[in-house]
Amino acid sequence: MQLEKTTRPSSALGRLESIHMMSIFSELGSTKQGIRIRETPAWLERELLKQNNRRHSIEESKIRRQLQHCAFSTHHFEINEKISLDELQELKLSFEESDVSGAGYTDAKNFGHILKKCLDVSDMSNEEIYSLFKKIDYSDQGRISWMEFSTYLLQQYEAKMETVRRRKQVAFHLPAIMNDGGHGVPVVNIHSTHDGGVLTMREDGFICQWSPDLKPQRTKHMFSQGSGKRSSKWITGFTMMSEYNKLMIGTGDREIQFYEISTLEPYCQISGLETIPLTLSYSYIGSDKCCFLCGDMEGCVTIILLFPAEDTLRLWNRLPKAENVPNIAIKNAVLSKNVTFVRWKVHHDWVTQVKYFHNFQAVVSSSNEDASSLVLGCMLPSTDSAQQLREIREACYEGKNRKIQLSWTPHVRASGDQTIFSIYKGVKAFDLCQKHSLLVTGGMDRLIRLWNPYFSEKPTGILKGHSAPIFSLFISSEDGRIFSISRDNTVKIWHIEDQCCLFTADPTASGIHGDVSACSYSPAMRSLYIAADCIAVLPLMLRPKPHSGISVSHDEAVMCCGYSEEFRQVVSCSEEAVVKVWDFDTGRQVFEFTATPDLTSITCMTFDIKGRRLITGGSNGYIKVWNFNSGHCIKTLKKEGKCHQVCDCTFLKVQGNSYVVAVGRDRRIDIYSDSPEELYHVQRPQPSWKDDLQNGHTEDILCVVQCPPSLLATGSYNGEIIVWNTDSGSINCRFVGPLSAEDHNTKGLDTSVPSMIFIRNLRLMQLSPTTALLTSGVRGWVNLWDVLNGRKLVSSFKVSKYQQKITKLYITEEKTLLYAADRMGYIYIYNMETFDPEQRSPRAEHCWRAHTSSITSLQIVTSDQVVLTSSTDHTVRLWSASGEFIGTFGQPEMWSIHIPSSWIHPGVPYEVLIDPLSMPHHDILKRKSHLSEAISSDVTPTDRGELKVNCNISKMIT
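Residues numbered from 1 in each chain as written. Predicted model: local features only at pLDDT ≥ 70, side-chain atom pairs only at ≥ 80, totals over all residues. Heavy atoms only, no water.

Colleague: Before we move on, can you summarise the overall build of the protein with the specific residues and values?
Modeller: Within the protein one finds 18 helices and 62 strands. Every one of the 958 residues in the protein was classed for burial, and the buried ones make up 55%. Summing over all exposed atoms, the protein offers an accessible surface of approximately 43500 Å²; the carbon and sulfur share of this is 49%. (Helix = DSSP H or I, 4+ residues; strand = E, 2+ residues; numbered from the N terminus. Buried < 20%, exposed > 50% of the residue type's maximum accessible area, 1.4 Å probe, protein only. Areas by Shrake-Rupley, 256 points an atom, 1.4 Å probe, with all protein chains shown as cover.)

And the structure:
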């Protein structure tokens, strides 16, 4: 099978047209005309039948629209999935014709006419076309240009292709695990054992068996001078005969020796070879038949076939000993009817590698010469093999008596019995794969060539990237990857179909140094073993396979998420800077892209006022503004010089001007102007406030929150809270979280303030409405501060029943309900309208566990009365206002917000259900158990009575 070569288009038009040739959906799953079709959920069919028999009402109209949206979502597609070059050119002409003013723009109405005229979008409604228009018009100008439209298409296409590539990416755990097993003597070969370990042998005969993590388990010097008086030998190679529990070793004394693997004791040997076996290989053919292959410095390949092999080896074990080893000379061995001996003249230079591939019924050998760099040939003559074999036998012997002398004159295969590959500077390493019908070669010219093994004229692909000669190659058939190692200890992983490099481990990153002498890939352990100055192992980073009942939204921890009311979409950002866009109404993924090329972690996010642009902060100190529907980075906000991690950001509007405010580990408030007239891609912050420079925070700032029209609050790592006046840039007031007497004596107490929220019009102590600030405190407490009237601490009360830090706070505007989330994944609800500051520990209205680890985002979607959460447990979830589980974004089943029958409720997330800390409090569970040991906090009986545990979890468990 000839692999299809990837070409690089030279223009945007070419990129878009190439979708016809290679659709990305062909790699993601089965498609129909480039569109993924999903089956209609059973709940949707039931609801559609119910709605046909109901009377019209306002509520039912809302549900009908929701049903129509869900039905359309099963056949949703993006416009650039089926656009051609001709259609793209027609679109461009239509854009120019509709621009009667000559300004180069078109409005939403004309945009809809253009799409309907040039494309087959009959199944797109006017609402959907307008939604597409808004995605392109991210700055809310009410118009778009041809450049903006084509850029949107190109960015979406590139992001989807990047998604496909990212799903194929693989990496090694770095640095490599190493153990000093060389002692200055090169290792000749590495072989995997049945238990997942490896076996290595040095040139001086020192053999070592290692565990998978390179801990020595057994060592022995095969030629130690002892009572047997065996002389030291030079080892040229070794291989394992697993089917017979034997080791086969080639020596510089022109011998092939066999050892018991279990005892490492000598079993027998073949002596008197004509040449030294430079490279050695063994293959089990089946039915007690095996073959030995030797490559020598004369360019010959010697083949020894044994059948039956076990009986033959047992007979040799009973022969007289030479140097304390049962010995048989090769001239005597070939006389046995159980032995077939063939010697082929294949190359004109030393044989670098030889191997028999049973699936191809072929012997493959390589050398450093150009003319016959690699030869794929038969083991025995393929035409009239019995007659030719008799002729070879007769030519090998002189005379008819028992004193027969072996002739080592090699024979040349017929041209029809071999395929010769001529490669510049020869071949040092190769591998052959039947599944992909692929032959790969590498050598001195630093190139990896991909061949159809049945066609030697031209390679199907060339992989470039190594800067030193290729030393070893391995094909992983199951994963569709190639592993390559060069002389400079650089290891690369390649994708077979895409013919691209997935990962590179250079010596600096892996820690492997010295001259590489042997390599081996273990498919069972998914690890690459390399012998240089030390024995090293590079394990592949494997993604954990989740339980069948567990759905995740990201492959990494979710650092933040948010809801865009403009598009009714949820945007989530992971630790590895992957941004995913979800359909809020159904839970299905709409789009995803990588937010940074250097794998910088995203730490925070926010939207602009309109909800059309995404602002993200990263660990590298950069703030980026995105069109999140296309993955286009609009601009980058950063300071000059060294940048520190951004911990939080928000979008601020002061006196009609828009700003992006960012805080982080540089302990300063950075303010960036958000102006459509700003043309520079990289933008610097405005000068810092004088009060911020002189009297600002002395520790990292973890969060920032605004209170229109002119208040801004920041909280730091040491528990300090500062409220700022944004008009003047001065400090309005400053607070420090209270500590109890026992907390003052505790070392390492977490006093940080990861979350804050302003509460408007809250009546405190029966006084007039005021502005209050609620902040997270120590040990799961929250503190309420009066910002304007008195500027003091009003009250403190405990929220987390396990005394865990409150990570997120959110308050609804209508009913003034406070939602609080902690590091254990619990969510608590308090009614602030009935809040009494004098009450030390108010009772929570409701409590449930949403995640199994820390909650990183908490938002109430007021229009639909649902709760949006994300967590470091890799999930983004949706809940009703009272904690009923709607679903996890990314789960196979879709949902509908306004149809409870589509929710997961009364079920709960599987991992939450089985987690010990989700168990309800009961008398039988109060005994000392793993539950009490799993949490490092003091939970008193009084604490247990303060909160009502989610009844849904209780029902599922009982």
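Colleague: Describe the packing of aromatic side chains, and please don't skip the residues or the numbers.
Modeller: Under the definition given, this model contains 29 aromatic pairs. Measuring from centroid to centroid gives 6.0 Å for Phe-172 and Phe-503, while their planes differ by 70 degrees, and the two rings are edge-to-face. Residue Phe-172 is located in the loop between helix H8 (146-168) and strand E3 (177-179), and its partner Phe-503 is located in strand E31 (residues 500-505); the two are separated by 331 residues in the primary sequence. Per residue, the accessibility class of Phe-172 equals that of Phe-503, and both read buried. Residues Tyr-826 and Tyr-828 carry aromatic rings whose centres are separated by 6.2 Å and whose planes lie at 25 degrees to one another, so their mutual orientation is stacked. The burial state of Tyr-826 is the same as that of Tyr-828; both residues are buried. Every member of this aromatic cluster is reached through a ring pair, and the members are Phe-95, Phe-111, Tyr-130, Phe-133, Trp-146 and Phe-149. The ring of Tyr-267 is capped by Lys-246, whose NZ or CZ atom sits 4.4 Å from the centre of that ring. (Phe/Tyr/Trp six-rings, centres within 6.5 Å; stacked < 30°, edge-to-face > 60°. Lys NZ or Arg CZ within 6 Å of the ring centre and 35° of its normal.)

Colleague: Summarise the pairing of strand E61 (residues 876-880); cite the residues concerned and give the values.
Modeller: One face of the sheet, then the other: side chains in a regular strand alternate in exactly this way. E61 sits mainly inside the fold: 5 of its 5 residues count as buried. By the alternation rule, side chains of E61 split into Val-876, Leu-878 and Ser-880 and Arg-877 and Trp-879, which are all buried. One ladder, built from 5 bridges, connects strand E60 (residues 866-871) with E61; its direction is antiparallel. Residue Val-867 lies in a different strand from E61, and its bridge partner there is Trp-879. The turn linking E60 back onto E61 is made up of 4 residues, and His-874 within it adopts a positive phi angle of 80 degrees. Linking E61 back to strand E62 (residues 885-888) in an antiparallel pair, the connection comprises 4 residues, with Gly-883 at a positive phi of about 100 degrees. (Pairing = 2+ DSSP bridges.)

Colleague: With reference to specific residues and values, describe the confidence of the model for the protein.
Modeller: Should the pLDDT be low somewhere, the predicted coordinates at that spot are not to be read in detail. The share of residues in the protein with pLDDT of 70 or more is 82%, and the mean pLDDT across the chain is 82. Scored below 50 in pLDDT, residues 71-77 shows 20 contacts in the model against residues more than four places distant or in partner chains. (pLDDT = per-residue confidence, 0-100. Contact = heavy atoms within 4.5 Å.)

Colleague: Lay out the pairing of strand E36 (residues 569-574) with the relevant residues and their values.
Modeller: Across the 6 residues of E36, 6 count as buried, placing the element largely inside the fold. In E36, alternate side chains face the same way, and those of Gln-569, Val-571 and Cys-573 on one face and Val-570, Ser-572 and Ser-574 on the other are all buried. Judged from the 6 bridges that link them, strand E35 (residues 558-564) and E36 form a sheet pairing that is antiparallel. Following the sheet pairing, Tyr-563 is matched in E36 by Val-570. Once E35 ends, the chain turns through 4 residues before running back antiparallel as E36, passing Arg-568 with a positive phi of about 50 degrees. Where E36 and strand E37 (residues 578-583) come together, 5 bridges link them in antiparallel fashion. Following the sheet pairing, Cys-573 is matched in E37 by Val-579.

Colleague: Give a detailed account of helix H9 (residues 309-317), specifying residues and quantitative values.
Modeller: Buried within H9 we find Ala-309, Thr-312, Leu-313 and Trp-316. Taken down its axis, H9 places every buried residue within 95 degrees of arc, on the same side. (Arc of directions from axis to C-beta.)

Colleague: Describe unusual backbone geometry, naming the residues involved and giving the relevant values.
Modeller: Excluding glycine, most residues fall at negative phi; most peptide bonds, likewise, are trans. For the peptide bond that leads from Phe-307 to Pro-308, omega is -5 degrees, which places it in the cis range. By the element assignment, Pro-308 lies in the loop between strand E14 (300-306) and H9. Here Pro-708 and Pro-709 are connected by a cis peptide whose omega angle stands at 10 degrees. Topologically, Pro-709 is positioned in the loop between strand E47 (701-707) and strand E48 (711-716). With phi around 55 degrees, Gln-361 is a residue other than glycine that occupies positive phi space. Within the fold, Gln-361 resides in the loop between strand E18 (351-357) and strand E19 (362-367). Judged by its relative accessible area of 48%, Gln-361 is partly exposed. You will see that Gln-865, though not glycine, has its phi angle at about 55 degrees, which is positive. Along the chain, Gln-865 turns up in the loop between strand E59 (855-861) and E60. Residue class for Gln-865 comes out partly exposed when judged on its relative accessible area of 41%.

Colleague: Pulling in residues and values, what's your account of the sheet that holds strand E17 (residues 339-345)?
Modeller: With respect to topology, 4 strands assemble into an open sheet ordered E12-E13-E14-E17, the strand pairing being antiparallel. Since the sheet does not close on itself, it has two edges, and those belong to strand E12 (279-284) and E17, each with one partner. Across the sheet, the mean angle separating the axes of adjacent strands is 15 degrees when strand polarity is ignored. With 6 bridges joining them, E12 and strand E13 (residues 290-295) adopt antiparallel strand pairing. Paired with Thr-279 across the two strands is Gly-295, which belongs to E13. Across the face of the sheet, H9 comes into contact with E13, E14 and E17 while running at roughly 95 degrees to E14. (Axes fitted to C-alpha atoms, helices over the stretch in contact; angles between N-to-C directions.)

Colleague: Before we move on, could you go through the sheet that holds E19 and cite the residues and values that matter?
Modeller: Strand order in the open sheet formed by 4 strands is E18-E19-E20-E23, and the pairing between neighbours is antiparallel. Looking at strand neighbours, the two that pair on one side only are E18 and strand E23 (418-421), the edges of this open sheet. Each neighbouring strand pair of the sheet contributes to a mean axis angle of 15 degrees, computed without reference to strand direction. Relative to strand E20 (residues 374-377), E19 runs antiparallel, the two being bridged by 4 bridges. Bridge pairing in E20 links Val-364 to Leu-376.

Colleague: Could you give an account of the packing of helix H5 (residues 85-98) against H8, with specific residues and numbers?
Modeller: Where H5 meets H8, the closest approach of the two axes is 10 Å, and the angle between their N-to-C directions is 155 degrees. As far as their axial angle goes, H8 and H5 are roughly antiparallel. Crossing of H5 against H8: the hand is right-handed. Here Leu-88, Leu-91, Lys-92 and Phe-95 of H5 lie close against H8, whose contacting residues are Trp-146, Phe-149 and Leu-153. Per-class residue counts for the contact of H5 with H8 are 6 nonpolar, no polar and 1 charged. (Parallel < 35°, antiparallel > 145°, perpendicular 65-115°, else oblique. Left-handed = near helix turned anticlockwise from the far one by under 90°. Nonpolar A, V, L, I, M, F, W, Y, C, P; charged D, E, K, R; others polar.)

Colleague: Explain the pattern of salt bridges to me, using residue names and the numbers behind them.
Modeller: Counting across every chain of the model gives 37 salt bridges. Here Arg-613 makes a salt bridge to Asp-674, at a shortest N to O gap of 2.8 Å. Of this pair, Arg-613 sits in the loop between strand E39 (602-607) and strand E40 (614-618) while Asp-674 is found in the loop between strand E45 (670-673) and strand E46 (682-683), placing the two residues 61 residues apart along the sequence. Taken individually, Arg-613 and Asp-674 each receive the classification buried, so the pair is uniform in this respect. (Salt bridge = Lys/Arg side-chain N within 4 Å of Asp/Glu carboxyl O.)

Colleague: So what's going on with the packing of H5 against helix H6 (residues 108-118)? Residues and values would help.
Modeller: Describing two packed helices takes the angle between their axes plus the distance from one axis to the other. Put simply, H5 and H6 touch, their axes get as near as 10 Å, and they point 145 degrees apart. Crossing of H5 against H6: the hand is right-handed. Residue-level contacts link Glu-87, Glu-90, Leu-91, Ser-94, Phe-95, Glu-97 and Ser-98 of H5 to Asn-110, Phe-111, Ile-114, Leu-115, Lys-117 and Cys-118 of H6. Residue composition of the contact of H5 with H6, by class: 6 nonpolar, 3 polar and 4 charged.

Colleague: Quick rundown of the state of the cysteines? Include the residues and the values.
Modeller: By the definition in use, this model includes 0 disulfides. Here Cys-501 is not disulfide-linked; the sulfur of Cys-500 is the nearest cysteine sulfur, at 7.6 Å. (Disulfide = S-S within 2.5 Å.)

Colleague: Could you give an account of the environment of Ser-740, naming the residues involved and the relevant values?
Modeller: Residue position: Ser-740 is located in the loop between strand E50 (730-736) and helix H14 (741-744). Sequence spacing of Ser-740 and Val-778 is 38 residues, and the spatial spacing of their C-alpha atoms is 9.6 Å.

Colleague: Before we move on, could you go through the environment of Ser-688 and cite the residues and values that matter?
Modeller: Here Ser-688 lies in the loop between E46 and helix H13 (690-695). Along the primary structure Ser-688 and Arg-668 are separated by 20 residues, whereas in three dimensions their C-alpha atoms are 7.8 Å apart. With residues near it in sequence (within four places) discarded, Ser-688 still touches Ile-669 and Leu-693.

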